[in-house]
Amino acid sequence: MGSSLPTKEANLFKVIVKSYETKQYKKGLKAADAILKKFPEHGETLSMKGLTLNCMDRKSEAYELVRRGLKNDLKSHVCWHVYGLLYRSDREYREAIKCYRNALKIDPDNIEILRDLSLLQAQMRDLTGFVETRQQLLSLKPNHRMNWIGFAVAHHLNSNGSKAIEVLEAYEGTLEDDYPPDNERYEHGEMLLYKISLLEECGLLDKALEEMHKKEAKIVDKLAFKEQMASILLKLGRLEEGEKIYRSLLFMNSDNYRYLIGLQKCTGLYSEIGQYTPNEIECLDALYKSLKEQFSWSSAAKRIPLDFLEGDRFREAADNYVRPLLTKGVPSLFGDLSPLYEHPGKASLLEQLFLQLEDSIRTTGCFPGRTQKEPPSTLMWTLFLVSQHYDRRGQYDVALAKIDEAIAHTPTVIDLYSVKGRILKHAGDLVAAATLADEARSMDLADRYLNSECVTRMLQADQVGLAEKTAVLFTKDGDQHNNLHDMQCMWYELASGESYFRQGDLGRALKKFLAVEKHYADITEDQFDFHSYCLRKMTLRAYISMLKFQDQLHSHEYFHKAAAGAIRCYMKLHDSPLKSASEEGDEMSKLPPSQRKKLRQKQKKAEARAKKEAEEKVEEEATSGTSKSGKRQHARPVDLDPHGEKLLQVEDPLLEATKYLKLLQNNSSNSLETHILSFELNMRKQRTLLAFQAVKQLIKLDKNNPDCHRCLIRFFHKISQSSSPVTDSEKLIWKVLEAERLEISQLNEKSLMEVNTSFLEKHGASLMHRAAAAEMLYVMEPDKKHEAIKLIEDSTNNIASGNGALAPVNEWKLQDCIAVHKLLETVFIDQDAAFRWKTRCAEYFPYSTYLGGHSSSASYSVNHCIENAPENGVVASPELKAKDVPYSLNDKLHPLKELNSLSIQ
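Residues numbered from 1 in each chain as written. Predicted model: local features only at pLDDT ≥ 70, side-chain atom pairs only at ≥ 80, totals over all residues. Heavy atoms only, no water.

Along the backbone of the protein there are 47 helices and zero strands. Taken across its 905 residues, the protein has 47% of its residues classed as buried. Counting every atom, the protein has about 46,400 Å² of accessible surface; 51% of that belongs to carbon and sulfur. (Helix = DSSP H or I, 4+ residues; strand = E, 2+ residues; numbered from the N terminus. Buried < 20%, exposed > 50% of the residue type's maximum accessible area, 1.4 Å probe, protein only. Areas by Shrake-Rupley, 256 points an atom, 1.4 Å probe, with all protein chains shown as cover.)

Ile149, Tyr288, Leu291 and Phe354 are the most contacted members of the largest nonpolar core, which totals 113 residues. Dropping the residues within four chain positions of it, Phe354 is found in contact with Val322, Leu337, Tyr341, Thr382, Leu385, Val386 and His389. Counting residues in hydrophobic clusters, the runner-up holds 45 residues, among them Val455, Leu514, Ala563 and Ala566. (Core = buried A, V, L, I, M, F, W, Y, C linked by side-chain atoms within 4.5 Å. Contact = heavy atoms within 4.5 Å.)

Their axes nearest at 9 Å, the elements helix H9 (residues 145–157) and helix H31 (residues 530–537) cross at an angle of 115°. You can see that H9 and H31 cross each other, and the crossing is right-handed. Each of Arg145, Met146, Ile149, Gly150 and Val153 in H9 lies in contact with H31, whose residues at this interface are Ser532, Leu535 and Arg536. When its residues are assigned to classes, the contact of H9 with H31 shows four nonpolar, two polar and two charged. (Axes fitted to C-alpha atoms, helices over the stretch in contact; angles between N-to-C directions. Left-handed = near helix turned anticlockwise from the far one by under 90°. Nonpolar A, V, L, I, M, F, W, Y, C, P; charged D, E, K, R; others polar.)

Time to look at the side chain of Asp116. Examined against the element boundaries, Asp116 turns out to sit in helix H7 (residues 111–123). Once you skip the residues sitting within four places of it in the chain, Asp116 turns out to touch His81, Leu85, Arg88 and Tyr100.

On to the confidence of the model for the protein, then. Overall, the predicted model of the protein reaches an average pLDDT of 87, with 87% of residues at or above 70. Of the regions scoring below 50 in pLDDT, residues 622–634 engages in eleven contacts with residues more than four places distant in sequence or in other chains. Between residues 862–905, whose pLDDT stays under 50, and residues either more than four places distant or in other chains, the model counts 93 contacts. (pLDDT = per-residue confidence, 0-100.)

The subject of this paragraph is unusual backbone geometry. With omega at 10°, the peptide bond leading from Tyr179 into Pro180 counts as cis. Tracing the backbone through its elements, the reader meets Pro180 in the loop between helix H10 (161–173) and helix H11 (185–201). The phi dihedral of Asp57 falls on the positive side, at around 65°, and the residue is not glycine. The backbone phi angle of Met538 is positive, close to 65°, even though this residue is not glycine. Of note, Met538 is situated in the loop between H31 and helix H32 (540–551).

Bringing the pattern of salt bridges into the picture now. Going through the model one piece at a time under the given rule, you end up with 55 salt bridges. In this structure, Arg313 and Glu282 form a salt bridge, with 2.8 Å as the shortest nitrogen-oxygen distance. Taken as a pair, Arg313 in helix H19 (residues 311–328) and Glu282 in helix H16 (residues 278–294) lie far apart in primary sequence, 31 residues in all. For Arg313, a relative accessible area of 32% gives the class partly exposed. Its relative accessible area of 44% is what places Glu282 among the partly exposed residues. One salt bridge connects Lys402 with Glu358, and the closest N-O pair in it is separated by 2.9 Å. (Salt bridge = Lys/Arg side-chain N within 4 Å of Asp/Glu carboxyl O.)

The next subject is empty space enclosed by the protein. A complete count under the given rule lists one cavity of 30 Å³ or more for this structure. Put simply, the largest cavity is a space of about 50 Å³. Together, Leu325, Leu326, Gly329, Val330, Pro331, Leu333, Phe334, Trp381, Phe384, Leu385 and Gln388 line the largest cavity. Where the lining of the largest cavity is concerned, the elements lending two or more residues are H19, helix H20 (333–337) and helix H22 (377–392). Top contributing element to the lining of the largest cavity by residue count: H22, with four residues. Across the lining of the largest cavity, the residue classes tally to nine nonpolar, two polar and no charged. (1 Å grid on protein atoms, 1.4 Å probe; cavity = no way out; pocket = protein on both sides within 12 Å on 5 of 7 lines; lining within 4 Å. Points joined across faces, edges and corners; volume = space filled by probe spheres on them.)

Time to look at the environment of Phe845. Mapped onto the secondary structure, Phe845 falls in the loop between helix H45 (831–844) and helix H46 (857–863). Overall, the relative accessible area of 10% leaves Phe845 in the buried class. Separated by 31 residues in the primary sequence, Phe845 and Leu814 have C-alpha atoms spaced 7.0 Å apart. Once residues lying within four places of it in the same chain are set aside, the contact partners of Phe845 are Trp812, Lys813, Leu814, Cys817, Leu851 and Gly853.

Within this structure, the stated rule accounts for 19 aromatic pairs. Ring geometry for Phe295 and Trp297: centres 5.7 Å apart, planes at 80°, overall edge-to-face. Exposure remark for Trp297: the relative accessible area of 55% places this residue in the exposed category. Through pairs of rings, three or more aromatic residues link up here, namely Tyr63, Tyr83 and Tyr87. The ring centre of Phe501 lies 5.0 Å from the NZ or CZ of Lys572, which sits over that ring. A cation over an aromatic ring shows up here: Lys838 above the ring of Tyr850, its NZ or CZ 5.4 Å from the ring centre. (Phe/Tyr/Trp six-rings, centres within 6.5 Å; stacked < 30°, edge-to-face > 60°. Lys NZ or Arg CZ within 6 Å of the ring centre and 35° of its normal.)

Turning our attention to the environment of Leu127. Relative to the helices and strands, Leu127 resides in helix H8 (residues 127–140). With 30 residues separating them along the chain, Leu127 and Leu157 place their C-alpha atoms 6.9 Å apart.

To continue, consider the side chain of Glu44. Relative to the elements of secondary structure, Glu44 occurs in helix H3 (residues 43–55). Lacking a salt bridge, the buried Glu44 has Lys14 as its closest oppositely charged neighbour, with an N-O distance of 12 Å. In terms of polar contacts, Glu44 uses its side chain to reach the side chain of Ser76, at 2.7 Å. (Lys, Arg positive; Asp, Glu negative; His and termini not counted. Polar contact = N/O pair within 3.5 Å; in protein donor to acceptor, adjacent residues only side chain to side chain.)

The next point concerns a nonpolar patch on the surface. Together, Leu689, Leu732 and Val736 make up a nonpolar patch on the protein surface, roughly 240 Å² of accessible area in all. Tracing the backbone through its elements, the reader meets Leu732 in helix H40 (residues 728–741). (Patch = residues over 30% accessible without salt bridge, like charges linked within 9 Å, V, L, I, M, F, W, Y side chains within 5 Å.)

Taking 1.5 Å of rise per residue, the 18 residues of H19 would be expected to cover 26 Å, and the 26 Å separating its terminal C-alpha atoms lies within 8% of that figure. Restricting attention to buried positions, one finds in H19 the residues Phe314, Ala317, Ala318, Asp319, Tyr321, Val322, Arg323 and Leu326. In this fold, the buried residues of H19 make contact with helix H17 (299–303), helix H18 (305–308), H20, helix H21 (346–364) and H22. Remark: Gly329 follows H19 within two positions and exhibits a positive phi of approximately 85°. (Expected span 1.5 Å × (residues − 1).)

Okay, the packing of helix H24 (residues 414–427) against helix H25 (residues 430–443) next. Where H24 contacts H25, the two axes come as close as 8 Å, and the packing angle between them is 165°. One way to sum up the angle between H24 and H25 is to call them roughly antiparallel. Viewed along their axes, H24 and H25 form a crossing whose handedness is left-handed. On H25, the residues that touch Ile414, Tyr417, Ser418, Lys420, Gly421, Leu424 and Lys425 of H24 are Leu430, Ala432, Ala433, Leu436, Glu439, Ala440 and Met443. Residues that form the contact of H24 with H25 fall into these classes: nine nonpolar, two polar and three charged. (Parallel < 35°, antiparallel > 145°, perpendicular 65-115°, else oblique.)

The subject of this paragraph is H45. Between the first and last C-alpha of H45 there are 20 Å, a value that for 14 residues agrees with the 20 Å anticipated at 1.5 Å per step. Taken together, the buried positions of H45 are occupied by Ala833, Ala834, Trp837, Cys841 and Ala842. What you see down the axis of H45 is that its buried residues fit within an arc of 170°, all on one side. In H45, the exposed positions that point more than 90 degrees away from the buried face belong to Asp832, Phe835 and Glu843. For H45, the secondary structure elements touched by its buried residues are helix H42 (767–780), helix H43 (785–793) and helix H44 (814–826). The backbone nitrogen of Asp832 has a side-chain oxygen 3.2 Å away, supplied by the residue at the start of H45, namely Asp830. (Arc of directions from axis to C-beta.)

Structure, rendered in structure tokens:
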């Protein structure tokens, strides 16, 4: 390194390297310039100067200098290493690996380069190369613990657990009997636990258990030791020993569900599907009764029996569980009980129980069978619980009546307003739901959760401007966009992206969706620093867990939503391309001179306003160098495309959409939406076989799904309408489709019309299935439009069974009715039928603003039913007036007016 230089300059070169390592970049540049004065073409100095400039955000100069240095000294491993470091800083990992390999050809035993290469190989999951590099590092420096551990981890990641165990045993063979010293006990204990987990993973359970008994004294993490021991004993079938350990773990944490499930498994009383025989239920009941006596403070021991008990025993257990929580006033009680609604019959039993409790408290002030008076708040919390119950069952009138009574009882409880907003949201009145959420937020301005819930409701109601103003209350220095992005606030970006998409603003929608995709790219990059850190700190089990999580990262729900949203934006952009400047000019020339002049003036004003706003923002960024706390801040780069207009200027939107579709196909292959998007995209690209592949996947996942039926009929109808094949490739495609069609059970040598009729007969009671059949009838035979519409209009909204006695509930869902209305408007293009459908559904969903229900805020706004906001206790805002919200928050709220006045204006 710098060996070709005279002694003085060689020492200066060492100063450059040390300055780079200690981040004294100016000192390093000074030393580099001193060398380059005498030796202006010295390759290694040019490279190191470039690397230093790269750390000072002068990237273009850095690349120029490094490339020049490499050109001058192609046989220098330093130049290649620096070039690799430069690529690594820009996340160009594949290029960096090439540079490191070239450096190793020149200096094959350079430990620093080998270590950097191994980190990149782990990052890129080049596992074979990772094993080779770690082996080379171990052979060069066998006395270094990290090299042994790194080699073992490399084999484990490369699916060779037995070899990893051999490496760890060989490492232990190099240690003395009294190892480890006190300052390394934790790290050594972690290594031993990692080795035991490897033995368990490889099925060597007896050996793992033997290892645990042998090394127990050297393992510091006793909790992890016990959990591992219990797991191994359970797998070995030594259930009595396992039961003892799980019981000892329950003394440490009696609310840990994993310990309770482990105990059930040890006693032979666990079912993956949650179904038990009467005898098993008796045994389970006895087990949990003993646990309740032993751990009287355990909430889990009281809650779990509700999952397996049935009938009167379930009701008794639920009664005993619910009563103390109502007395105490636990707002999350319904959330705890909500999974029980998936169990047949339990919702009705809970309803009977809740109503009995409510009636008894209302009339006697006590719970049934008790003489002790309950505090006044118990009635309010009971009404709170009952309202959520009826909301869950779709009986919104009853739910609103109950929650209004609770508010009248105690108007200062914030949770009441949040739940009322949630009920209105489910009922379809998004505007009123946003207003209620804002009311709840204004009652406690320091509560971040209430603020976030309010922002969510506003975005659902497409009040994006107001949502941004509300979100900024909990961001730093008032710069909500950058801070929400820096905090990776994905729920906000997804909700605002969906809102922009609904409003037709594709640029901003796309910007939000791609911001979420950027977060996932950053999360992937963030693992890089852990490759060396975890090996050094010996957090090996957590490291392996993190890598497995990273491998499944893009299957996360938020990424799926963002990618699907981006694909829809690009498909919509393809269907309705942006007009070019010439097209806009042609359209403008057709307008009358007066209108043309007005339009030009309007455009000029808009451009001037946008320019002024951008200049003000740049000036503000430049001048405001300090934060609220007085600390100096780095200037933020100004967003040059705040509205996403540049994102829309793509030559091939479908090509961009394909990038995200591939990620969904690789990571969310079990989602119907993935294959529906694949079908839509490939039909637009005229990729016949890929579209058919999507249809086959849909049939495999759910052949009775309405969207699956749509895709199947549309595909084969499109094929039947296309011209006869001419080229060899087209003929081959036709042969494949003909052969594959015989294997699709729905078609079964039937015509498409017969398939559609059969589908309708099979699923005629379902609204969405009837709508799909009607749409396909219209697609195949446009002349039968009225017949297809009649199929939809003849649908009957039957009463759903088992929904309690207070109010009957129909089967149709609000979102389904809205989807059918959009179908009549956009596909059938029949405004009369759409109006009739909307009028009909408004009777079923009176609170829906979309359908214009008579109890919705939209209806009240039209009829001016509410004229004075303060009389109703509603917080008004520039975008959301109180007269738009028909739901009085109760006159008793007036003592809170001082708090309400702090709401966003």
